[in-house]
Amino acid sequence: MADHPGSTAPPDASGTPAASRAAGLARLNAADPAEAVNLLGEVCASRQWIDAVAGRRPYRLLDELYASSDLATAGMTDADLDEAMAGHAVIGRPRAGDDQSHREQSGVHGAAADTLTELADGNAEYAAKFGHVFLICASGRSAAEMLAALRARLGNDAATERANAREELRKINRLRLAKLVGAPEPQASRGSLQPGSHPSDRPGAGMTAISTHVLDTSAGDPARDVPVELAVLAADGSWQVLGASATDADGRCPGLPPVSPAPATVRLRFDVAAYRAGRGEDAFFPEVQVVFTTDPARPRYHVPLLLNPYGYSVYRGS
């Protein structure tokens, strides 16, 4: 049914009208390069991330924007990740005059003095051990919850904490992009990095789970930090990007979203160039695209990739 003149699109559960969300996305798409840098710079301080997300415009759907952000975050070098984290306030100490950090850390407002003191001490210990701020998606978390997470993560090694920080940054970037375009909180903006705890690791009833595992057969090791994008073929013949992630220390790729239980054509795209660059190597195959079909009778598809410098193979695993 057509809207009556002067009416607005109905709000969703967040109270955000669809027309407002579309206008926010259109503004980002239409922004000139300098304005796009300014807009996206409010989301993430990494210039690599800004350039990657700006360079993939225009975005037809919010999910495409979120997936682009996820892919850019997964593709960050250590220097890019450090640049991004440097733009974040210390947990428990929002920056003066920074409305964004005050809003995101609203859980510390009114917290007990003892809790704030423990947060300050824990942040100092964390920074001394890992060399960067303790990064956590603070929205909706109390000071006590953030303190508990800080204590738990202090026991990790440096590599685990880099992975945790990257995942928290991914969630923060999604939340900030949603605010930028006037959208409700995106799916999977919260959750733990632990296997099986992320919302996309728990497909809804009837949904089809997609997973992968990348092994570098030339090194004899799992391939870590390979950006992976998941898309499905739409009715108009275009590819709709549903999400993105990166392989972990075991070569597995947590966080890929499930797909519809209806028969679908699915594409996994592996950014081999980013992986090789991180190892100081050239990529003969800059990317690998794997396209396969799903059957409603199968609730999960596991499609591993065996990678070497001059060849690769894929198969349907179990």
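Scroll up for the structure.
Residues numbered from 1 in each chain as written. Predicted model: local features only at pLDDT ≥ 70, side-chain atom pairs only at ≥ 80, totals over all residues. Heavy atoms only, no water.

Visitor: A description of the overall build of the chain should follow, citing residues and the corresponding values.
Guide: Scanning the chain for helices and strands turns up ten helices and ten strands. Here the chain holds 318 residues, and 43% of them are scored as buried. Residue pairs at least 24 apart in sequence account for 62% of intrachain contacts in the chain once pairs closer than 6 positions are excluded. Accessible surface computed for the chain: about 15,200 Å², of which carbon and sulfur atoms make up 54%. (Helix = DSSP H or I, 4+ residues; strand = E, 2+ residues; numbered from the N terminus. Buried < 20%, exposed > 50% of the residue type's maximum accessible area, 1.4 Å probe, protein only. Contact = heavy atoms within 4.5 Å. Areas by Shrake-Rupley, 256 points an atom, 1.4 Å probe, with all protein chains shown as cover.)

Visitor: Can you lay out the side chain of R166 for me, pointing to particular residues and giving the numbers?
Guide: Along the chain, R166 falls in helix α9 (residues 158-181). At 2.8 Å, the side chain of R166 and the backbone oxygen of T73 are in polar contact. Sequence-distant contacts of R166, defined by excluding residues within four places in its chain, comprise T73, A74, G75, M76 and L81. (Polar contact = N/O pair within 3.5 Å; in protein donor to acceptor, adjacent residues only side chain to side chain.)

Visitor: How would you summarise the pattern of salt bridges if you had to cite specific residues and measurements?
Guide: Counted according to the given criterion, the structure contains 17 salt bridges. The residue E35 makes a salt bridge to R27 at a minimum N-O spacing of 3.9 Å. The class for E35 is partly exposed, based on a relative accessible area of 30%. (Salt bridge = Lys/Arg side-chain N within 4 Å of Asp/Glu carboxyl O.)

Visitor: I'd love a proper account of the packing of helix α2 (residues 33-41) against helix α3 (residues 47-55), names of residues and values included.
Guide: If you want to describe how two helices pack, look at the angle between their axes and the distance between the axes. Closest axis-to-axis distance for the α2/α3 pair is 10 Å, and the angle between their directions is 120 degrees. In terms of axis orientation, α2 runs oblique to α3. At the point where α2 passes α3, the crossing takes the right-handed sense. Facing A36, V37, L40 and G41 of α2, the residues of α3 in contact are R47, W49, I50, V53 and A54. When grouped by side-chain class, the residues that make up the contact of α2 with α3 number seven nonpolar, one polar and one charged. (Axes fitted to C-alpha atoms, helices over the stretch in contact; angles between N-to-C directions. Parallel < 35°, antiparallel > 145°, perpendicular 65-115°, else oblique. Left-handed = near helix turned anticlockwise from the far one by under 90°. Nonpolar A, V, L, I, M, F, W, Y, C, P; charged D, E, K, R; others polar.)

Visitor: For the sheet that holds strand β3 (residues 221-222), give the residues involved together with the corresponding values.
Guide: Think of a sheet as strands paired side by side through backbone hydrogen bonds, with each pair either parallel or antiparallel. An order of β3-β2-β9-β10 is seen for the four strands of this open sheet, with the pairing classed as mixed. Each edge of the sheet is formed by a strand with only one pairing partner; in this case those strands are β3 and β10 (311-314). Where strand β2 (residues 214-216) meets strand β9 (residues 305-308), three bridges bridge the pair, whose relative direction is parallel. Bridge pairing links D216 to L307 in β9. (Pairing = 2+ DSSP bridges.)

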